[in-house]
Structure formats: C-alpha cells, structure tokens
Amino acid sequence: MRPIRAARLGTAAALVTLLACAPAAAAAAADTDSAHDKGKGRVITLIGRLAEQTRFPVNPGGAAAQGDRTVFRSILFDKDDRQVGETGGTCTTTRVADGGAEHCVVTYTLPGGQLSVQGMVFGHLLPGPPPSFDNAITGGTGEFDRARGSVHADTIAPGTRRFTIDLQR
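Residues numbered from 1 in each chain as written. Predicted model: local features only at pLDDT ≥ 70, side-chain atom pairs only at ≥ 80, totals over all residues. Heavy atoms only, no water.

Engineer: Looking at this model, I keep getting lost on the overall build of the chain. Mind explaining?
Structural biologist: If you tally the helices and strands in the chain, you get one helix and eight strands. Written out in order from the N terminus, the α and β elements of the chain read α-β-β-β-β-β-β-β-β. When the accessible surface of the chain is split by element, carbon and sulfur atoms take 55% of a total near 7600 Å². (Helix = DSSP H or I, 4+ residues; strand = E, 2+ residues; numbered from the N terminus. Areas by Shrake-Rupley, 256 points an atom, 1.4 Å probe, with all protein chains shown as cover.)

Take a look at the structure:
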C-alpha cells in the first residue's frame, strides 16, 4: 500500500469544507463587498490545515491505480490565525503515469456562503511536498452566489496550504 501524505489538502485540493464562523466574516475577506457587487473582483487569502484525510485505493495493498479516491477536510484560518471556515472534498486519480493526475471537487464554507471549486491536480504521486495547483470556482451560495474565478493553492508546510481565492464578476 502506498503511503498517505498528510500534507495533501486535496482541492488535494484543494482544496475543500463546510461550517462557517460568522464572527470572522470581515476578517476572511479582502474587502466587504459581496462577490458580485459593482462588477468588481476580490481576493481572499486563507490558510488551510488538514484535519482529516482518508484514502480509498482501488487495489488495497497494491500500486496506485486509476480510480483511487481521497476524501478530506481542512480547517481554514485568516491572516490573524482565526478560524473562518473549512473545506471538504474528494479527489479521484485519473492517471498514474508521469507523476499522476487527479480530479478534485471541493467546497469552501466561509462566512457568508459556500464556494464550489473543481479541477485537476498534477504530480500528486511524486515524492516531496504536494504540488501547487489552480482550480476553477464553479459557483457558490449566499454572498458568493454566481461566483466565478479561481483558487490557487501552495503547500507551505506539511499538512498546511495557502489558498488564494480570486473572485471575479
């Protein structure tokens, strides 16, 4: 069985989810306008710390395979280290050659609503820290209703990622 990397945040993600801390709403956002007010975008930078991760291999005890799945949850913090939400999601391995590729679907639950994000993560089977990735925002709820844009993720420490959420309208 291949080792589970604790540093993977999925959407790997990624990435993704759920529960908001309403008192921290102002701290989580780069500005206070909703994502679709006045046609402007905004950038939200958060730190995600892996809370739970489970792998479901197609070949238990064997090599990585197409269809392997990872389910994860991370807690999200603002720049002042206040908890402001969480992510949750799944990543499914689509390719094992050339470092691997996986498709991830993640939900970011933040003060004011949720963001849905999906996309590919490449190189998840390579040794070392999980790779950076960019995924698309495909929608949202509440103040993120009809949100579009992208999420960029960088591994900054084992089990910790910086998420830069670029909301566009």
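Engineer: Please clarify how the state of the cysteines should be interpreted in this entry.
Structural biologist: Working definition: the covalent bond between the sulfur atoms of two cysteines is a disulfide. In this structure the tally under the stated criterion is one disulfide. Sulfur-sulfur distance for the disulfide between C91 and C104 comes to 2.0 Å. Residues C91 and C104 are joined through a disulfide that is right-handed, its torsion about the S-S bond being 115 degrees. Here the residue C91 occupies a position in strand β3 (residues 83-95), and C104 occupies one in strand β4 (residues 101-110), the gap between them amounting to 13 residues. (Disulfide = S-S within 2.5 Å.)

Engineer: Can you help me understand the packing of aromatic side chains in this one?
Structural biologist: A ring pair, where both rings are aromatic, is described by two values, the distance of the centres and the angle of the planes. The tally for this structure, following the rule as stated, stands at one aromatic pair. Judged by centre distance (5.4 Å) and plane angle (85 degrees), the ring pair of Y108 and F163 falls under edge-to-face. Residue Y108 is found in strand β4, and its partner F163 is found in strand β8 (residues 160-168); the two are separated by 55 residues along the sequence. Across this residue pair, the class does not change: Y108 and F163 are buried. (Phe/Tyr/Trp six-rings, centres within 6.5 Å; stacked < 30°, edge-to-face > 60°. Buried < 20%, exposed > 50% of the residue type's maximum accessible area, 1.4 Å probe, protein only.)

Engineer: Please explain the confidence of the model for the chain as it appears in this structure.
Structural biologist: When pLDDT is low, close inspection of the predicted coordinates is not appropriate. Per-residue confidence for the chain gives a mean pLDDT of 82, with 76% of residues at or over 70. Across residues 1-38, where pLDDT falls below 50, the model places 159 contacts with residues more than four positions away in sequence or in other chains. (pLDDT = per-residue confidence, 0-100. Contact = heavy atoms within 4.5 Å.)

Engineer: Got a minute to help me understand the pattern of salt bridges in this structure?
Structural biologist: A side chain with one charge may pair with a side chain of the opposite charge, provided their charged atoms come close. Going through the model one piece at a time under the given rule, you end up with eight salt bridges. With a closest N to O distance of 2.7 Å, D81 and R49 form a salt bridge. With a gap of 32 residues between them, D81 in the loop between β2 (69-77) and β3 and R49 in strand β1 (residues 42-56) connect regions that are remote in the sequence. When its relative accessible area of 32% is taken as the criterion, R49 is described as partly exposed. In the salt-bridge network here, residues are joined through shared partners; they are D78, K79, D80 and R82. (Salt bridge = Lys/Arg side-chain N within 4 Å of Asp/Glu carboxyl O.)

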